[in-house]
Structure formats: C-alpha cells, structure tokens
Amino acid sequence: LTLKFAEQIKAIIGRFTYFMGTSDSWIQFILSGRSDLLICGWKEYWNDFNLLDLFFGKGAYNMQVLIGHASMWGTLKNVEMDFFDIFFSYGLLGIVVTYGLVVAVYKQRKNRSSRALKVLFYICVFFSVLGGHIFQDSFGSTILALVLGLNLCWDSPKKGRRLAK
C-alpha cells in the first residue's frame with residue numbers, strides 16, 4: 001500500500017515542508033495563514049469600536065471590506081474561522097444564537113452513549129472554530145446538519161434487537 005502511494009505521500013510531505021518553511025510560526029502553519037487574517041480582523045473590529053458592536057457586530061459585508069483592505073487582499077475577505085467571523089459580523093448575539101442553537105440541538109439527542117456521534121459533533125465544532133467554513137459555507141453547514149440530525153434521531157438498538165435483518 002505504501003509503495004502504491006509513495007509519490008503522493010512524498011508530494012504531501014513536500015507541500016507541508018514548503019509551507020512550514022514559509023510560515024513564521026507553528027500557529028501560522030497550522031491555521032494556514034488565517035492567523036494573519038485574524039490579526040487584521042481583530043484590529044479592524046476594535047478600531048472605532050462602540051458597545052453596539054459588541055452585542056450586534058459590525059456587519060458581515062462591512063467586516064469583509066475592512067479585513068480585505070487591512071490585509072492588502074484588495075477584495076472582500078473573511079477571517080475564515082467561523083467563531084471570529086460570526087463574532088466580528090454579528091457580535092455576541094450571533095455567537096449565542098449560532099453556537100447556542102447547535103448545543104441545544106446536540107443536548108436533545110436520544111442516544112447519549114454514541115461515541116461516534118459525540119466525536120462527529122466535536123469535530124464539526126472544532127473545525128468551525130479553527131478551520132472555518134462550517135457555519136459560513138453551505139457544504140459544511142450541510143454536514144453539521146446531518147450530524148445534528150443523526151444525534152436527534154439515532155436511537156441505540158435494544159438488547160437482542162438488530163438494526164437491519
């Protein structure tokens with residue numbers, strides 16, 4: 001198996017080595033440069049800050065313009081880390097509604113002992129915080145909805161009963 005994929009593995013290692021060499025730190029490498037966008041977003045969020053921004057955010061389009069300008073991309077840009085994109089755009093209210101809804105649905109699950117569903121849920125939340133594109137992207141949101149749906153309806157089989165005959 002290793003010999004069959006040796007070239008692909010070598011290419012992946014080469015890619016990681018290249019990006020590690022061009023990154024200033026492990027954090028920048030792990031976050032694929034999102035840390036730079038986070039710094040730009042953080043500075044822009046607190047620049048000209050008022051209390052309404054804390055609760056309601058500065059607006060999605062406004063933050064994309066500010067981050068795009070500050071990061072020198074010259075185009076609309078997000079931080080690409082869902083937690084911070086939601087916070088900067090919609091404030092604490094957006095965080096509470098988004099993550100609160102997900103946690104509330106997760107707590108309603110029928111099968112509390114399913115490790116696989118717990119792991120899927122935690123992976124989705126983890127990727128939304130660090131990797132992004134879970135709440136802000138339609139494909140990631142679909143995966144999260146499927147995980148939450150499974151959590152709600154997946155009931156463990158009773159003793160002696162099989163899932164399929």
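All of the points below concern the structure found in this document. Since the model is a prediction, treat every value here as computed from it, not as a measurement. (Residues numbered from 1 in each chain as written. Predicted model: local features only at pLDDT ≥ 70, side-chain atom pairs only at ≥ 80, totals over all residues. Heavy atoms only, no water.)

Re the packing of aromatic side chains
One pass over the full model with this rule turns up 17 aromatic pairs. Aromatic side chains Tyr-45 and Phe-49 sit 5.7 Å apart centroid to centroid with 55° between the ring planes, which places their arrangement in the tilted category. An angle of 55° between the planes, with centres 6.0 Å apart, marks the rings of Phe-87 and Phe-88 as tilted. We note that Phe-87, like Phe-88, is buried. The lysine or arginine in question, Lys-77, covers the ring of Trp-73, its NZ or CZ lying 4.2 Å from the ring centre. (Phe/Tyr/Trp six-rings, centres within 6.5 Å; stacked < 30°, edge-to-face > 60°. Buried < 20%, exposed > 50% of the residue type's maximum accessible area, 1.4 Å probe, protein only. Lys NZ or Arg CZ within 6 Å of the ring centre and 35° of its normal.)

A word on the packing of helix α3 (residues 34–46) against helix α5 (residues 60–70)
It is the contact of α3 with α5, at a shortest axis distance of 9 Å, that shows an interaxial angle of 120°. As the angle between them shows, α3 and α5 are arranged oblique. Considering how the two elements wind past one another, α3 and α5 form a crossing that is right-handed. Seen from α3, the contacting residues are Leu-37, Cys-40, Gly-41, Glu-44 and Tyr-45; seen from α5, they are Met-63, Leu-66, Ile-67 and Ala-70. By residue class, the composition of the contact of α3 with α5 is 7 nonpolar, 1 polar and 1 charged. (Axes fitted to C-alpha atoms, helices over the stretch in contact; angles between N-to-C directions. Helix = DSSP H or I, 4+ residues; strand = E, 2+ residues; numbered from the N terminus. Parallel < 35°, antiparallel > 145°, perpendicular 65-115°, else oblique. Left-handed = near helix turned anticlockwise from the far one by under 90°. Contact = heavy atoms within 4.5 Å. Nonpolar A, V, L, I, M, F, W, Y, C, P; charged D, E, K, R; others polar.)

So, the pattern of salt bridges
Here the idea is simple: oppositely charged side chains can pair when their charged atoms come close. The tally for this structure, following the rule as stated, stands at 3 salt bridges. The partner of Arg-34 in a salt bridge is Glu-80, and the shortest N-O contact between them spans 3.9 Å. Of the two residues, Arg-34 is situated in helix α3 and Glu-80 in the loop between α5 and α6 (82–107); the sequence distance between them amounts to 46 residues. In this structure, the salt-bridge partner of Asp-53 is Lys-58, at a minimum N-O distance of 3.3 Å. (Salt bridge = Lys/Arg side-chain N within 4 Å of Asp/Glu carboxyl O.)

Observations regarding the side chain of Ser-35
As for its position among the elements, Ser-35 is in helix α3. Ignoring anything within four residues of it in the chain, the contact list for Ser-35 reads Ile-27 and Gln-28.

Topic: the nonpolar core
The biggest cluster of nonpolar side chains holds 23 residues, and the ones touching the most others in it are Val-79, Phe-88 and Leu-144. Of all the secondary structure elements, the ones that give two or more residues to this core are α3, α5, α6, α7 (115–130) and α8 (138–153). Tallying contributions element by element places α6 first for this core, with 8 residues. If near-sequence neighbours (up to four positions away) are discounted, Phe-88 is found in contact with Leu-38, Gly-41, Trp-42, Tyr-45, Gly-57, Lys-58, Gly-59, Met-63 and Val-79. (Core = buried A, V, L, I, M, F, W, Y, C linked by side-chain atoms within 4.5 Å.)

As for α7
An α-helical segment advances 3.6 residues per turn. Residues three or four places apart therefore align on the same side. The terminal C-alpha atoms of α7, which comprises 16 residues, lie 22 Å apart, in line with the 22 Å expected from a rise of 1.5 Å per residue. For α7, the set of buried residues is Leu-117, Phe-121, Cys-124 and Ser-128. The buried residues of α7 occupy an angular sector of 60° when projected down its axis, which confines them to one face. α7 presents Arg-115, Ala-116 and Tyr-122 as exposed residues on the side facing more than 90 degrees away from its buried surface. The inward-facing, buried residues of α7 contact α6 and α8. Where α7 terminates, the next one or two residues include Gly-132, which has phi positive at roughly 80°. (Expected span 1.5 Å × (residues − 1). Arc of directions from axis to C-beta.)

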